[in-house]
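If you want the building blocks of each chain, they are given just below.
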Amino acid sequence: MERIYATYWLETGDDPAHAAEVIAGEQSSGTFVALPTETPELKARAGARVEQLEVLGHSAQPSLPTPVSAPSGRYTQARLTLSWPLANLGPCLPTLMATIAGNLYELRCVTGLRLTDLQLPPAFAQAYPGPAFGVNGTRRLSGVAHGPLIGTIIKPSVGLSVAETAQQVQLLVDGGIDFIKDDELQADGPACPFDERVRAVMRVVRAAADRLGRQPMVAFNLTGNLDQMKRRHDLVLAEGGTCVMACLNSIGLVGLTELRRHAQLPIHAHRAGWGYLSRAPQLGFDYAPWQKIWRLAGADHLHVNGLRNKFSEADDSVMAAARAVLAPVMDSAPMTAMPVFSSGQTGLQAQDTFTGLGSADLIHTAGGGIFGHPGGVAAGVQSFRDAWQAAQEGVALSQAARQSPALAQALGFWR
Ligand SMILES: O=C(O)[C@H](O)COP(=O)(O)O
Ligand SMILES: [Mg+2]
């Protein structure tokens, strides 16, 4: 019978084998008291199973605040793999979330819990379509056959009017940008309404496409209610746009699933809020299992932070996240999406991003790193592109800067 496998880093003040059984019980057929109806036959059929439990170490203090201290003052860290029969939930992502990442985080015997791996049966790939465009579709629509998509976020994120936003887009396309996105803070506020923004920006983008023979991709942030997102998608499509963007933690799994069913354009997935799911190492999610769920639901581009970013994440974690996005969701259904490196990015990170990932199937977006260029927005785009060119050719930035005044100037302000 097909099963779902989830692996956790677990900490408990209890006997770890007992804690594992409590978690397995709570997340399947058991509860806090024995029930006559939970027969051995039912438990064998529907109970979650402890597949593996490996003790990693001990500590005197619990990682998470907990109302009951372990009598011994001893806490055990372990790697725990649980499995569930698919028959309990069927291939349903929202119920999967409640199963693998539901009440177990709250159990009293748990003083730390982090989901580190997830293996799903092929039924999920039959029930969910995955990304419709991924790397190849994104390259086709943006006209970037090789190398990274050189991208940006409109900055200031909020505060620009529709006309001012279109002016910035004009500067970006004049500079030769491949990819532009709204910030996650900019969706449909009265100060810069979505519909007007799309119409004004697309006028600029269509004119640029006529001139360039390829159309820069613009990810319009349509985050909102289901009917709003569908209607906004249709407007972007009607205006000739080639991408829409949504904030995953805001719209939820149902939001993305429904948007994907409706969409005819790539979906750029922003992970704003990822910090509350991941920043405490003893709680929440690793990125690898988390992003799998969103790829199944249909994300084409997934934010992975960036090297030497403005946030708190370490570089090895960023690279692991990007590799996870390019790795197959499962052998029978690769569902490859495109990693988006973003957050405090400049051309200084190009070389390490390229060699670290071992691939240029990525979008690299620099907001401040482009808009802050002292020579202006077009010079900002040029310097970022020249840095990437140097990275791909294995040329040092200082050397490449001799042929590129924009890059030379950028090296004075990038940090
Ligand atoms: O949404 C994003 O990706 C960030 O706003 C990145 O902006 P920055 O390049 O200015 O850090
Ligand atoms: Mg942002």
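Residues numbered from 1 in each chain as written. Chains lettered and ligands numbered in written order. Predicted model: local features only at pLDDT ≥ 70, side-chain atom pairs only at ≥ 80, totals over all residues. Heavy atoms only, no water.

(A) Molecular detail of the UniProt feature "domain: Ribulose bisphosphate carboxylase large subunit C-terminal" (unreviewed entry) in the chain. UniProt annotation of "domain: Ribulose bisphosphate carboxylase large subunit C-terminal" (unreviewed entry) refers to residues 137–414 when read in the numbering used here. Strand forms 13% of residues 137–414 and helix 49%; the C-alpha atoms that close the span are 32 Å apart. (UniProt positions renumbered as here; feature names shortened; annotations may be inferred. Helix = DSSP H or I, 4+ residues; strand = E, 2+ residues; numbered from the N terminus.)

(B) A look at the site of ligand 1. Around ligand 1 lies a shell of 14 residues, among which K155, K310, S342, G344 and G367 are the nearest. A distance of 3.0 Å is found between an oxygen atom of ligand 1 and a side-chain nitrogen or oxygen belonging to E184. Between ligand 1 and the protein, one listed contact pairs an oxygen atom with a side-chain N or O atom of H270 at 3.0 Å. Summarising the interface, the protein chains cover 91% of the accessible area of ligand 1, which totals 320 Å² for the free molecule. Split by residue class, the shell around ligand 1 holds 2 nonpolar, 7 polar and 5 charged. (Near = heavy atom within 4 Å. Polar contact = N/O pair within 3.5 Å; in protein donor to acceptor, adjacent residues only side chain to side chain. Areas by Shrake-Rupley, 256 points an atom, 1.4 Å probe, with all protein chains shown as cover. Nonpolar A, V, L, I, M, F, W, Y, C, P; charged D, E, K, R; others polar.)

(C) The coordination of the magnesium ion (ligand 2), seen in detail. Taken together, D183 (OD) and E184 (OE) make up the full set of protein donors to the magnesium ion (ligand 2), lying 2.1 to 2.2 Å away. Among the residues examined, D183 registers a relative accessible area of 5% and is labelled buried. (Donors = N, O, S within 2.8 Å, 3.2 Å for Na, K, Ca; no water. Buried < 20%, exposed > 50% of the residue type's maximum accessible area, 1.4 Å probe, protein only.)

(D) Spotlight on the pattern of salt bridges. Following the criterion strictly, the structure yields 17 salt bridges and no others. The salt bridge involving R197 is made with D182; its shortest N-O contact spans 2.9 Å. Of this pair, R197 sits in helix α7 (residues 194–212) while D182 sits in the loop between β6 (179–181) and α7, and the two are 15 residues apart along the sequence. Its relative accessible area of 0% is what places R197 among the buried residues. Among the ionic pairs, E258 bridges to R261, the shortest N-O distance being 3.5 Å. Taken together, the positions of E258 and R261, both in helix α9 (residues 248–262) and 3 residues apart, correspond to about one turn of that helix. Taking relative accessible area as the criterion, R261 reaches 53% and is therefore assigned exposed. (Salt bridge = Lys/Arg side-chain N within 4 Å of Asp/Glu carboxyl O.)

(E) Representation of the domain arrangement of the chain. Its domain assignment divides the chain into domain 1 (3–127) and domain 2 (134–410). Once you take the C-alpha centre of each, domain 1 and domain 2 turn out to be 36 Å apart. Roughly 1,800 Å² is buried in total at the junction of domain 1 and domain 2, and carbon and sulfur atoms are behind 68% of that figure. When the buried area of domain 1 at its contact with domain 2 is split by residue, L93, M97 and R114 rank highest and sum to 33% of it. Counting the contacts that link domain 1 with domain 2 gives 1 salt bridge. A salt bridge links D286 to R114; the nearest nitrogen and oxygen atoms lie 2.7 Å apart. (Domains from an automatic or database assignment. Buried area = accessible area lost by both parts, 1.4 Å probe.)

(F) Quick peek at the nonpolar core. In terms of nonpolar packing, the biggest core is built from 101 residues, with I4, L96, I100 and F124 touching the most fellow members. The greatest single-element share of this core, amounting to 8 residues, is contributed by α7. Residue-level mapping places this core at the junction of two domains, with at least three residues from each of domain 1 (3–127) and domain 2 (134–410). Once residues lying within four places of it in the same chain are set aside, the contact partners of F124 are I4, L86, L89, G90, P91, C92, L93, L96, L296 and M330. Formed by 12 residues, the second largest nonpolar core is a distinct cluster that contains V135, M217, C243 and M245. (Core = buried A, V, L, I, M, F, W, Y, C linked by side-chain atoms within 4.5 Å. Contact = heavy atoms within 4.5 Å.)

(G) Up close: the sheet that holds strand β9 (residues 267–270). Pairing in this closed barrel of 8 strands is parallel, and the strands run β5-β6-β7-β8-β9-β11-β12-β13 around the ring. Each strand axis lies, on average, 25° off the axis of its neighbour in the sheet, ignoring direction. Relative to strand β11 (residues 301–303), β9 runs parallel, the two being bridged by 2 bridges. Of the residues in β11, the one forming a bridge with H268 is H301. (Pairing = 2+ DSSP bridges. Axes fitted to C-alpha atoms, helices over the stretch in contact; angles between N-to-C directions.)

(H) Just α9, in detail. Compared with an ideal rise of 1.5 Å per residue, which puts 15 residues at 21 Å, α9 spans 16 Å between its outermost C-alpha atoms and falls more than 12% short. At V254, α9 shows its maximal bend, which comes to roughly 70°. All of the buried residues along α9 are L248, I251, L253, G255, L256, T257, L259 and R260. Close packing links the buried residues of α9 with α3 (93–100), α8 (226–238), β8 (243–247), β9, α11 (287–297) and β11. (Expected span 1.5 Å × (residues − 1). Bend = angle between axes of the 7 residues up to and from the residue.)

(I) The arrangement of the sheet that holds strand β2 (residues 49–59) in detail. Read across the open sheet, the 5 strands follow the order β2-β3-β1-β4-β10; overall the sheet is mixed. Strands at the two margins of the open sheet, each flanked by one partner only, are β2 and β10 (283–285). Taken over all neighbouring pairs, the strand axes of this sheet differ in orientation by 15° on average, direction set aside. Where strand β4 (residues 110–119) lies against β10, 3 bridges are found, and the strand directions are parallel. Within the sheet, the bridge partner assigned to L113 lies in β10 and is L283. In this fold α3 packs onto β1 (3–12), β3 (75–85), β4 and β10, with an angle of close to 35° to the strand it touches most, β1. Along the sheet, α11 contacts β4 and β10; its crossing angle with β4, the most-contacted strand, is approximately 55°.

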